[in-house]
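Take a look at the letters that make up each chain.
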Amino acid sequence: MKSNWVKPFYKRQFELYSPSHKVSEYDMSLSAEIMEQVGKPFRTILELGAGNGRLARALASFDKEVTTIELVPEIVEFTKQSNDDKVNSLCGSFYTIELEETFEVILYMDGFGIGTDNDQIMLLERIYNWLSEDGIGLIDIYQPKYWQKVNGIKMSPNLGVLREYGYDVQTNRMIDTWWAENSNDKVVQSLACYTPEEVIALCQRANLKVLEIYPGGAMDYDKWVFQENTTIDECLSYRIKIRKT
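Residues numbered from 1 in each chain as written. Predicted model: local features only at pLDDT ≥ 70, side-chain atom pairs only at ≥ 80, totals over all residues. Heavy atoms only, no water.

### Here we look at the packing of aromatic side chains
Taken as a whole, this structure holds 14 aromatic pairs when the rule is applied. Aromatic pair W5 and F9: ring centres 5.9 Å apart, planes at 80°, arrangement edge-to-face. Judged by relative accessible area, W5 falls into the buried class, the value being 19%. On the basis of relative accessible area, F9 is assigned to the buried category, the value being 0%. (Phe/Tyr/Trp six-rings, centres within 6.5 Å; stacked < 30°, edge-to-face > 60°. Buried < 20%, exposed > 50% of the residue type's maximum accessible area, 1.4 Å probe, protein only.)

### A closer look at helix 1 (residues 6-16)
Listed in full, the buried residues belonging to helix 1 are V6, F9, Y10, Q13, F14 and L16. Mapping the buried residues of helix 1 onto a view down its axis gives an arc of 165°, with all of them on the same face. Buried residues along helix 1 sit in contact with helix 4 (73-80), strand 6 (154-158), strand 7 (161-168), strand 8 (173-180) and strand 9 (187-192). (Helix = DSSP H or I, 4+ residues; strand = E, 2+ residues; numbered from the N terminus. Arc of directions from axis to C-beta. Contact = heavy atoms within 4.5 Å.)

### Remarks on the sheet that holds strand 6
Read across the sheet, 4 strands follow the order 6-7-8-9 without closing on themselves; strand pairing throughout is antiparallel. Sheet topology places strand 6 and strand 9 at the edges, where each strand pairs with a single neighbour. Ignoring which end each strand starts from, the neighbouring axes of this sheet average 25° apart. Strand direction decides the pairing type here: strand 7 and strand 8, joined by 8 bridges, are antiparallel. Bridge assignment links L162 to a residue of strand 8, and that residue is W179. (Pairing = 2+ DSSP bridges. Axes fitted to C-alpha atoms, helices over the stretch in contact; angles between N-to-C directions.)

Structure below.
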């Protein structure tokens, strides 16, 4: 898996976002949503691409034992500073890291689509191996129709920070560019977008079954209002619920 942009992008994005240890209302709301979507009692969680660790800490507050995998050492060290004994923060690539235990729930809330279709299948196969026999996975997938529509949209996600969306119609990839205001030092991520039918087919190749699909929200850039409830064709991303076949 040769995506050289990954570590520099997430490190710089972390710096530009002015990271905080404080668990937000959104983190708590997302935790409750995750537990509802899993739909049964569980204790152990593996979170892939955990970022600043706030979601992991929010989940841990519900008496969950959370293991996180994050690629960027500086972000892992930041997460460890929270000193939450129910969160085990690991540094490494989830395409190569070795884990001996299995988990009742595996989460990938943002970032699926690094690399090629074969890379996605390899990751899904690893998720299969990390899931307990009756475990549940929840993965957010970028919806291509949305990203085609927002191609060229610019915004400011934080004071002094600029962001631009793009879309490569030849490869069906969203392009996400970040930079500091008054700087030409830009970092770019490129993630594959998949229709529900396409991601179901990828999961089948990894012996995973899609049980449910949950549409996410979408930003209305004409009104600059975020719409919480959208259809599967309108959403920014949708979440799949998977288990072993």
